[in-house]
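Chain by chain, the residues:
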Amino acid sequence: MTRNHKQQTLVEHLSEFRKRFIAVVICFFLAFGLSFIFCADIYHFLTRGFQQKLIVLGPNDILGIYISLASLMAFVVTLPFTVYQIWAFVRPALEKSEARAIILYVPATFACFVSGLLFGYFLITPAILRVLLSLGQGLFELQLTAENYLAFVLHTTVPVACLFELPVLISFLTSIGLVTPRWLNHYRRYAYFILLVLAVVLTPADFISDIAMTVPLILLYELSVLLSYTITKRKERKSSHGNLT
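It should be emphasised that the depicted structure is a prediction, and the values quoted were computed from it without experimental measurement.

**Structural notes on the environment of Leu135**
So, step 1. Along the chain, Leu135 falls in helix 5 (residues 105-135).
So, step 2. Taking the C-alpha atoms as reference points, Leu135 and Pro80, 55 residues apart in sequence, are found 40 Å from one another.

**Digging into the side chain of Glu165**
So, step 1. In this fold, Glu165 is placed in the loop between helix 6 (146-163) and helix 7 (166-175).
So, step 2. We note that Glu165 is buried and unpaired, the nearest opposite charge coming from Arg234 at a distance of 17 Å.
So, step 3. Those residues within four positions of Glu165 in sequence are excluded, and the remaining contacts are Leu79, Thr109, Cys112 and Phe113.

**Looking at the packing of helix 2 (residues 39-46) against helix 3 (residues 59-90)**
So, step 1. It is the contact of helix 2 with helix 3, at a shortest axis distance of 10 Å, that shows an interaxial angle of 90°. Compared by their axis directions, helix 2 and helix 3 come out roughly perpendicular. Taking contact as the criterion, the partners of Cys39, Ala40, Ile42, Tyr43 and Leu46 in helix 2 are, on helix 3, Ile65, Tyr66, Leu69, Ala70 and Met73.

**Let's talk about the packing of aromatic side chains**
So, step 1. Applying the stated rule across the entire model yields 17 aromatic pairs.
So, step 2. Their ring planes at 85° and their centres at 5.6 Å tell us that Phe28 and Phe29 sit as a pair that is edge-to-face.
So, step 3. Accessibility expressed as a relative area gives 26% for Phe28, which makes it partly exposed.
So, step 4. Of the residues examined, Phe29 reaches a relative accessible area of 53% and is grouped as exposed.
So, step 5. Each ring, one from Phe28 and one from Phe32, has its centre 6.4 Å from the other, and the planes form 25°; the classification is stacked.

**Quick notes on the pattern of salt bridges**
So, step 1. This model, assessed by the stated rule, comprises three salt bridges.
So, step 2. Here Glu16 makes a salt bridge to Arg20, at a shortest N to O gap of 3.2 Å. Residue Glu16 and its partner Arg20 are both found in helix 1 (residues 3-37); the two are separated by four residues, about one turn of the helix.
So, step 3. Among the salt bridges present, the one from Glu222 reaches Arg188, with a minimum N-O distance of 2.8 Å. Taken together, the residues span a long stretch of sequence, with Glu222 in helix 10 (residues 207-244) and Arg188 in helix 9 (residues 188-202) at a distance of 34 residues.
So, step 4. Overall, the relative accessible area of 23% leaves Arg188 in the partly exposed class.

**A closer look at helix 3**
So, step 1. Its 32 residues place the ends of helix 3 45 Å apart at the C-alpha level, agreeing with the 46 Å of an ideal helix rising 1.5 Å per residue.
So, step 2. At Thr78, helix 3 is bent by approximately 40°, the largest bend along its length, and proline Pro80 sits one to four residues beyond.

Calculation criteria
- Residues numbered from 1 in each chain as written.
- Predicted model: local features only at pLDDT ≥ 70, side-chain atom pairs only at ≥ 80, totals over all residues.
- Heavy atoms only, no water.
- Helix = DSSP H or I, 4+ residues; strand = E, 2+ residues; numbered from the N terminus.
- Buried < 20%, exposed > 50% of the residue type's maximum accessible area, 1.4 Å probe, protein only.
- Lys, Arg positive; Asp, Glu negative; His and termini not counted.
- Salt bridge = Lys/Arg side-chain N within 4 Å of Asp/Glu carboxyl O.
- Contact = heavy atoms within 4.5 Å.
- Axes fitted to C-alpha atoms, helices over the stretch in contact; angles between N-to-C directions.
- Parallel < 35°, antiparallel > 145°, perpendicular 65-115°, else oblique.
- Phe/Tyr/Trp six-rings, centres within 6.5 Å; stacked < 30°, edge-to-face > 60°.
- Expected span 1.5 Å × (residues − 1).
- Bend = angle between axes of the 7 residues up to and from the residue.

It is worth stressing that arrangement in space is one thing and function is another; only the former is reported here.
In C-alpha coordinates form, the structure reads like this:
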(Lines give C-alpha, C1' and ligand atoms only; values in the text may rest on other atoms or scores of the structure.)
Protein backbone atom coordinates (compact mmCIF):
# COMPACT_ATOMS: atom_id res chain seq x y z
CA MET A 1 0.00 0.00 0.00
CA THR A 2 1.43 3.37 -1.03
CA ARG A 3 1.83 6.31 1.28
CA ASN A 4 -0.75 8.36 -0.65
CA HIS A 5 -3.26 5.52 -0.40
CA LYS A 6 -2.68 5.26 3.37
CA GLN A 7 -3.19 9.00 3.77
CA GLN A 8 -6.34 8.84 1.66
CA THR A 9 -7.71 5.98 3.75
CA LEU A 10 -6.96 7.88 6.95
CA VAL A 11 -8.67 11.00 5.61
CA GLU A 12 -11.71 8.93 4.61
CA HIS A 13 -11.94 7.42 8.10
CA LEU A 14 -11.61 10.83 9.74
CA SER A 15 -14.21 12.27 7.39
CA GLU A 16 -16.65 9.47 8.19
CA PHE A 17 -16.00 9.86 11.92
CA ARG A 18 -16.64 13.60 11.61
CA LYS A 19 -19.95 13.01 9.83
CA ARG A 20 -21.15 10.53 12.42
CA PHE A 21 -20.02 12.74 15.28
CA ILE A 22 -21.92 15.69 13.81
CA ALA A 23 -24.99 13.48 13.42
CA VAL A 24 -24.79 12.53 17.11
CA VAL A 25 -24.43 16.19 18.14
CA ILE A 26 -27.41 17.20 15.99
CA CYS A 27 -29.49 14.36 17.45
CA PHE A 28 -28.54 15.44 20.97
CA PHE A 29 -29.57 19.06 20.43
CA LEU A 30 -32.82 18.05 18.75
CA ALA A 31 -33.62 15.79 21.70
CA PHE A 32 -32.51 18.56 24.06
CA GLY A 33 -34.91 21.04 22.45
CA LEU A 34 -37.79 18.58 22.57
CA SER A 35 -37.02 17.64 26.16
CA PHE A 36 -36.81 21.33 27.13
CA ILE A 37 -40.45 21.71 26.09
CA PHE A 38 -41.53 18.91 28.44
CA CYS A 39 -39.25 19.84 31.36
CA ALA A 40 -42.22 21.00 33.44
CA ASP A 41 -43.87 17.58 33.11
CA ILE A 42 -40.59 15.82 33.94
CA TYR A 43 -40.12 18.04 36.98
CA HIS A 44 -43.66 17.30 38.23
CA PHE A 45 -42.95 13.58 37.91
CA LEU A 46 -39.68 13.77 39.84
CA THR A 47 -41.16 15.89 42.65
CA ARG A 48 -44.55 14.21 42.88
CA GLY A 49 -43.73 12.87 46.35
CA PHE A 50 -43.62 16.34 47.91
CA GLN A 51 -46.87 17.83 49.15
CA GLN A 52 -45.52 21.38 48.92
CA LYS A 53 -43.69 23.00 46.04
CA LEU A 54 -39.92 23.16 46.36
CA ILE A 55 -38.36 26.60 46.51
CA VAL A 56 -35.89 28.27 44.18
CA LEU A 57 -33.46 31.02 45.11
CA GLY A 58 -33.55 32.90 41.84
CA PRO A 59 -34.35 32.79 38.12
CA ASN A 60 -30.96 31.24 37.37
CA ASP A 61 -31.99 28.18 39.38
CA ILE A 62 -35.03 27.72 37.15
CA LEU A 63 -32.90 27.83 34.03
CA GLY A 64 -30.38 25.45 35.59
CA ILE A 65 -33.13 22.96 36.42
CA TYR A 66 -34.48 23.05 32.89
CA ILE A 67 -31.01 22.59 31.40
CA SER A 68 -30.18 19.69 33.73
CA LEU A 69 -33.41 17.83 33.03
CA ALA A 70 -33.27 18.46 29.29
CA SER A 71 -29.62 17.36 29.15
CA LEU A 72 -30.34 14.10 30.96
CA MET A 73 -33.32 13.28 28.76
CA ALA A 74 -31.38 14.20 25.62
CA PHE A 75 -28.50 11.94 26.68
CA VAL A 76 -30.87 9.01 27.28
CA VAL A 77 -32.64 9.51 23.95
CA THR A 78 -29.37 9.96 22.04
CA LEU A 79 -27.61 6.98 23.67
CA PRO A 80 -28.90 4.24 21.30
CA PHE A 81 -28.27 6.47 18.28
CA THR A 82 -24.72 7.11 19.49
CA VAL A 83 -24.05 3.40 19.99
CA TYR A 84 -25.45 2.71 16.52
CA GLN A 85 -23.14 5.31 14.98
CA ILE A 86 -20.16 3.69 16.71
CA TRP A 87 -21.26 0.29 15.38
CA ALA A 88 -21.70 1.68 11.86
CA PHE A 89 -18.24 3.24 12.00
CA VAL A 90 -16.46 -0.01 12.92
CA ARG A 91 -18.73 -2.28 10.85
CA PRO A 92 -16.45 -2.38 7.76
CA ALA A 93 -13.72 -3.96 9.90
CA LEU A 94 -16.06 -6.69 11.17
CA GLU A 95 -17.29 -9.90 9.66
CA LYS A 96 -21.00 -10.14 8.87
CA SER A 97 -21.64 -12.47 11.81
CA GLU A 98 -19.74 -10.15 14.17
CA ALA A 99 -21.60 -7.11 12.88
CA ARG A 100 -24.96 -8.83 13.41
CA ALA A 101 -23.96 -9.83 16.94
CA ILE A 102 -22.64 -6.41 17.96
CA ILE A 103 -25.73 -4.57 16.66
CA LEU A 104 -27.59 -6.18 19.59
CA TYR A 105 -25.57 -3.93 21.90
CA VAL A 106 -27.54 -0.91 20.65
CA PRO A 107 -30.88 -1.78 22.33
CA ALA A 108 -29.09 -3.52 25.21
CA THR A 109 -27.14 -0.37 26.10
CA PHE A 110 -30.31 1.71 26.12
CA ALA A 111 -32.30 -0.87 28.11
CA CYS A 112 -29.61 -1.28 30.76
CA PHE A 113 -29.13 2.47 31.20
CA VAL A 114 -32.86 3.15 31.55
CA SER A 115 -33.21 0.20 33.94
CA GLY A 116 -30.42 1.65 36.06
CA LEU A 117 -32.10 5.06 36.12
CA LEU A 118 -35.40 3.54 37.21
CA PHE A 119 -33.73 1.35 39.83
CA GLY A 120 -31.83 4.31 41.21
CA TYR A 121 -34.82 6.63 41.25
CA PHE A 122 -37.39 4.26 42.74
CA LEU A 123 -35.14 2.43 45.22
CA ILE A 124 -31.78 4.12 45.87
CA THR A 125 -32.89 7.77 45.88
CA PRO A 126 -35.78 7.36 48.36
CA ALA A 127 -33.66 5.19 50.66
CA ILE A 128 -30.79 7.66 50.81
CA LEU A 129 -33.11 10.65 51.14
CA ARG A 130 -35.02 9.03 53.98
CA VAL A 131 -31.87 8.22 55.93
CA LEU A 132 -30.30 11.65 55.41
CA LEU A 133 -33.47 13.48 56.44
CA SER A 134 -33.75 11.33 59.56
CA LEU A 135 -30.20 12.33 60.55
CA GLY A 136 -31.17 15.99 60.57
CA GLN A 137 -34.53 15.57 62.23
CA GLY A 138 -34.81 17.83 65.26
CA LEU A 139 -31.47 19.47 64.53
CA PHE A 140 -32.08 21.59 61.46
CA GLU A 141 -34.86 23.50 59.79
CA LEU A 142 -35.03 21.89 56.40
CA GLN A 143 -35.47 24.13 53.37
CA LEU A 144 -35.03 21.86 50.39
CA THR A 145 -34.56 23.76 47.15
CA ALA A 146 -35.57 22.36 43.78
CA GLU A 147 -32.03 22.66 42.45
CA ASN A 148 -30.52 20.78 45.40
CA TYR A 149 -33.10 18.03 45.20
CA LEU A 150 -32.69 17.49 41.47
CA ALA A 151 -28.91 17.47 41.83
CA PHE A 152 -29.34 14.84 44.54
CA VAL A 153 -31.56 12.76 42.25
CA LEU A 154 -29.04 12.93 39.41
CA HIS A 155 -26.16 11.97 41.71
CA THR A 156 -28.05 8.92 42.98
CA THR A 157 -29.40 7.69 39.63
CA VAL A 158 -26.86 8.37 36.88
CA PRO A 159 -23.97 6.47 38.59
CA VAL A 160 -26.31 3.52 39.13
CA ALA A 161 -27.36 3.66 35.47
CA CYS A 162 -23.70 3.56 34.46
CA LEU A 163 -23.12 0.52 36.69
CA PHE A 164 -26.04 -1.23 35.00
CA GLU A 165 -24.01 -1.14 31.77
CA LEU A 166 -21.66 -3.77 33.24
CA PRO A 167 -23.26 -6.75 31.39
CA VAL A 168 -23.04 -4.90 28.09
CA LEU A 169 -19.42 -3.91 28.71
CA ILE A 170 -18.36 -7.43 29.73
CA SER A 171 -20.17 -8.96 26.76
CA PHE A 172 -18.44 -6.57 24.37
CA LEU A 173 -15.00 -7.18 25.90
CA THR A 174 -15.61 -10.92 25.68
CA SER A 175 -16.66 -10.70 22.04
CA ILE A 176 -13.39 -8.98 21.11
CA GLY A 177 -11.30 -11.36 23.21
CA LEU A 178 -10.15 -9.05 26.02
CA VAL A 179 -12.12 -10.83 28.77
CA THR A 180 -12.83 -14.52 29.38
CA PRO A 181 -15.17 -16.33 31.78
CA ARG A 182 -12.16 -17.92 33.47
CA TRP A 183 -10.71 -14.47 34.16
CA LEU A 184 -14.04 -13.26 35.57
CA ASN A 185 -14.33 -16.31 37.81
CA HIS A 186 -10.74 -15.95 39.01
CA TYR A 187 -11.24 -12.34 40.08
CA ARG A 188 -14.79 -12.78 41.40
CA ARG A 189 -13.82 -12.13 45.04
CA TYR A 190 -12.11 -8.87 44.08
CA ALA A 191 -15.08 -7.86 41.95
CA TYR A 192 -17.44 -8.52 44.87
CA PHE A 193 -15.29 -6.37 47.12
CA ILE A 194 -15.26 -3.51 44.61
CA LEU A 195 -19.02 -3.75 44.16
CA LEU A 196 -19.49 -3.73 47.93
CA VAL A 197 -17.35 -0.59 48.21
CA LEU A 198 -19.36 1.05 45.44
CA ALA A 199 -22.60 0.13 47.19
CA VAL A 200 -21.39 1.67 50.46
CA VAL A 201 -20.20 4.81 48.67
CA LEU A 202 -23.42 5.27 46.71
CA THR A 203 -25.71 4.61 49.68
CA PRO A 204 -25.82 6.04 53.20
CA ALA A 205 -24.45 4.31 56.29
CA ASP A 206 -27.48 2.08 56.51
CA PHE A 207 -27.24 -1.71 56.40
CA ILE A 208 -30.54 -2.21 54.57
CA SER A 209 -29.63 0.35 51.89
CA ASP A 210 -26.19 -1.22 51.44
CA ILE A 211 -27.72 -4.67 50.96
CA ALA A 212 -30.37 -3.29 48.63
CA MET A 213 -27.60 -1.85 46.47
CA THR A 214 -25.05 -4.68 46.76
CA VAL A 215 -27.36 -7.55 45.79
CA PRO A 216 -28.35 -6.10 42.38
CA LEU A 217 -24.73 -5.25 41.60
CA ILE A 218 -23.63 -8.82 42.39
CA LEU A 219 -26.48 -10.16 40.25
CA LEU A 220 -25.32 -7.90 37.43
CA TYR A 221 -21.80 -9.29 37.75
CA GLU A 222 -23.06 -12.88 37.70
CA LEU A 223 -25.19 -12.05 34.67
CA SER A 224 -22.07 -10.65 33.04
CA VAL A 225 -20.19 -13.89 33.76
CA LEU A 226 -23.05 -15.92 32.27
CA LEU A 227 -23.13 -13.78 29.15
CA SER A 228 -19.34 -14.03 28.83
CA TYR A 229 -19.56 -17.82 29.12
CA THR A 230 -22.31 -17.97 26.48
CA ILE A 231 -20.40 -15.77 24.05
CA THR A 232 -17.19 -17.77 24.55
CA LYS A 233 -18.95 -21.09 23.94
CA ARG A 234 -20.57 -19.70 20.81
CA LYS A 235 -17.19 -18.54 19.51
CA GLU A 236 -15.65 -21.95 20.26
CA ARG A 237 -18.44 -23.78 18.43
CA LYS A 238 -18.05 -21.47 15.46
CA SER A 239 -14.28 -22.00 15.45
CA SER A 240 -14.57 -25.81 15.65
CA HIS A 241 -17.18 -25.81 12.91
CA GLY A 242 -14.90 -23.72 10.71
CA ASN A 243 -11.99 -26.11 11.30
CA LEU A 244 -14.13 -29.12 10.35
CA THR A 245 -15.20 -27.53 7.11
